[in-house]
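Residue strings, one per chain:
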Amino acid sequence: MTTRNIKGRRAIRSVRVAAIGTMLVALSGSWSLESHAAVTCTFNGPASESFTFPGPISVPRDNATPVPLTSWVIGQAQTNIYTCTISNSEDGGGIGIKFPTQEQAGTYSEGGIAYKVFKTGLDGVGVIYGFRIYSAGNNCDKNGFINGWNPYATGSGTVSYSDRYCGDLSPEGSTYNFGAQLQFRLIKTGKIAAGNTPLLTLTYTAQGTNRVYSTAVGSKSYIINPVNFQTLACTAEGGDVMLDDVHKGAFASAITLKTKPFQFTLRNCPAGMNTIQYQLDPIGSIISATNGTFQNASGADMAQGVGLRITDESNTSPIRFGDSSYVVQNYDPSAGNQTLPIKMNVSYYRTGTAEQVTGGLVRGIAQLTLFYL
């Protein structure tokens with residue numbers, strides 16, 4: 001009985017050892033079948049490409065936005081930024097254009113493409129970019145792509161890289177070329193401050209393997225050189241207007257009295273603008289913006305019940321305060337160094353009843369704002 005029990009234990013141990021040996025063999029086979037990525041690429045340079053806009057650029061300061069400030073500046077059509085060998089039919093190689101990291105300033109649409117506008121670092125000046133990608137080799141026409149130059153596009157911002165890739169189901173050991181051509185255009189985003197845009201690297205390329213992007217083998221940067229901006233504007237001159245004295249009794253039969261013409265003068269107005277517009281505003285309390293009337297200045301020596309009214313050159317219509325739609329007449333966009341008058345009239349204006357008028361001084365200040373469009 002005892003001998004049989006010992007033999008039984010040995011038989012069970014023998015089975016366990018055999019099971020362990022089988023597991024070791026299976027694990028060894030698993031490691032030997034591990035696959036490796038098989039995309040090898042070289043970077044052919046150059047490491048950068050610079051874009052230069054003609055300058056200086058003179059622009060109307062207050063033109064509507066967004067509008068183009070320049071034409072497109074188109075870069076090199078390079079077909080071999082990366083040359084890749086793909087030796088595994090399950091892998092794909094390609095090129096990516098990095099979506100810019102600069103702060104955005106709205107959008108601009110042209111030719112059916114909505115471009116994101118990126119700030120350049122100079123107030124009022126933005127930049128847009130477009131690109132086309134070259135991909136050549138077996139099966140580069142898959143997934144809606146073209147074997148060769150693909151159409152122009154622009155980054156959407158929903159992915160880090162805009163890309164083209166090839167290699168799916170390709171014969172092992174195939175060679176591919178990937179390239180790109182970029183173009184840039186400056187866009188007005190707001191009121192422009194005269195000065196220079198800084199040196200700006202907007203985007204760069206990266207080599208892609210199965211849509212994983214790396215600059216380890218090399219990268220081409222796209223650099224925008226500084227651009228000088230000059231804002232177009234005139235020199236504006238005002239002046240004092242002396243109204244004739246009036247007796248307070250004259251207000252018994254009139255609301256406005258002693259109308260007198262005056263003018264602002266614009267000098268050295270340059271060519272290149274479409275139009276010049278202006279707006280008038282009193283420095284003080286407005287009685288009626290649509291009627292061009294405002295209160296007399298306050299103080300011990302000031303008259304009571306009397307303000308001022310400003311009308312157009314013919315004295316037939318009031319100047320509406322806060323209205324920027326008035327156009328400076330006779331401006332010629334093709335002529336430089338122009339002198340242009342803006343003519344108006346000013347009158348005493350009774351603000352209440354004739355009995356409320358008291359003697360004293362009447363004084364007011366109006367400010368002219370110009371818009372160069």
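Before reading further, recall that the structure is shown in the block above.
Numbering of residues starts from 1 in each chain and follows the order in which that chain's sequence is written. For a predicted model such as this one, the threshold for reporting local features is a pLDDT of at least 70, and the threshold for listing and counting side-chain atom pairs is 80 or more; totals across whole chains, interfaces and linings nevertheless cover every residue. Calculation of side-chain values draws on the structure's entire complement of heavy atoms; hydrogens and water are dropped beforehand.

Trainee: How would you sum up the pattern of salt bridges? Please name residues and give values.
Mentor: Between Lys or Arg on one side and Asp or Glu on the other, a salt bridge is scored when a side-chain nitrogen of the former is within 4 Å of a carboxyl oxygen of the latter. Inspection of every chain in the model, using the stated rule, returns eight salt bridges. A salt bridge links lysine 119 to glutamate 103; the nearest nitrogen and oxygen atoms lie 3.2 Å apart. Here the residue lysine 119 occupies a position in strand S9 (residues 113–119), and glutamate 103 occupies one in the loop between strand S7 (93–98) and strand S8 (104–110), the gap between them amounting to 16 residues. Partly exposed residues are those whose accessible area sits between 20% and 50% of the maximum for their type, while under 20% is buried and over 50% is exposed, using a 1.4 Å probe and protein chains only. Judged by relative accessible area, lysine 119 falls into the partly exposed class, the value being 39%. Classification of glutamate 103 as exposed rests on a relative accessible area of 54%. Note that arginine 320 and aspartate 323 form a salt bridge whose closest N and O atoms lie 2.8 Å from each other. For aspartate 323, a relative accessible area of 18% gives the class buried. To qualify as a helix, a DSSP run of H or I must reach at least 4 residues; to qualify as a strand, a run of E must reach at least 2; elements of each kind are numbered from the N terminus.

Trainee: Now, about the nonpolar core: what can you tell me, with residues and values included?
Mentor: To qualify as a nonpolar core, a set must consist of buried Ala, Val, Leu, Ile, Met, Phe, Trp, Tyr and Cys residues joined through side-chain atoms within 4.5 Å. Val127, Tyr129, Leu182, Phe184, Leu186 and Phe229 are the most contacted members of the largest nonpolar core, which has 37 residues in total. Contributions of two or more residues to this core are made by strand S1 (39–43), strand S3 (57–60), strand S6 (78–86), S7, strand S10 (125–136), strand S13 (174–188), strand S15 (200–209) and strand S17 (221–224). Tallying contributions element by element places S13 first for this core, with six residues. Residues are treated as being in contact if the distance between any of their heavy atoms lies within 4.5 Å. If we skip the residues at most four places from it in the chain, valine 127 touches Lys116, Val117, Phe118, Thr120, Phe184, Arg185, Leu186, Leu200, Leu202 and Ile224. In this structure, Cys234, Ala254, Leu257 and Leu370 belong to the second largest nonpolar core, which totals 32 residues.

Trainee: Can you lay out the packing of aromatic side chains for me, pointing to particular residues and giving the numbers?
Mentor: Pairs were defined over the aromatic rings of Phe, Tyr and Trp, the Trp ring being its six-membered one, requiring ring centres within 6.5 Å. Orientation was assigned from the angle between planes: stacked under 30 degrees, edge-to-face over 60, tilted for the rest. Applying the stated rule across the entire model yields 14 aromatic pairs. Aromatic side chains phenylalanine 294 and phenylalanine 321 sit 5.9 Å apart centroid to centroid with 70° between the ring planes, which places their arrangement in the edge-to-face category. You can see phenylalanine 294 sitting in strand S23 (residues 293–295) and its partner phenylalanine 321 sitting in the loop between strand S24 (306–312) and strand S25 (326–327), a full 27 residues away along the chain. Each member of the pair, phenylalanine 294 as well as phenylalanine 321, is classed as buried. Three or more aromatic residues joined by ring pairs form one cluster here, namely Phe99, Phe118, Tyr129 and Phe131. A ring has a charge above it when a Lys NZ or an Arg CZ is no more than 6 Å from the ring centre and no more than 35 degrees off the ring normal. Here the guanidinium or amino end of lysine 98 rests over the ring plane of tyrosine 161, the centre of that ring lying 5.8 Å away.

Trainee: If you had to explain the layout of surface pockets to someone new, which residues and values would you point to?
Mentor: Estimated volume of the largest pocket: approximately 890 Å³. Those elements giving two or more residues to the lining of the largest pocket turn out to be strand S20 (256–269), S24 and strand S26 (338–350). Residues are grouped as follows: Ala, Val, Leu, Ile, Met, Phe, Trp, Tyr, Cys and Pro are nonpolar; Asp, Glu, Lys and Arg are charged; all remaining types, including Gly, are polar. Considered class by class, the residues forming the lining of the largest pocket number 19 nonpolar, eight polar and four charged. Cavities and pockets are found on a 1 Å grid laid over the protein atoms alone: a cavity is a set of points where a 1.4 Å probe fits but cannot escape, a pocket is an open set with protein on both sides within 12 Å along at least five of seven lines, and a lining residue has an atom within 4 Å of such a point. Lining the second largest pocket are 15 residues, and of these Tyr278, Glu313, Val327, Gln329 and Lys343 sit closest to its centre. Among the secondary structure elements, those contributing two or more residues to the lining of the second largest pocket are S25 and S26. Grid points are joined across faces, edges and corners, and a volume is the space filled by probe spheres set on the points.

The analysis is restricted to geometry; functional conclusions fall outside its scope.
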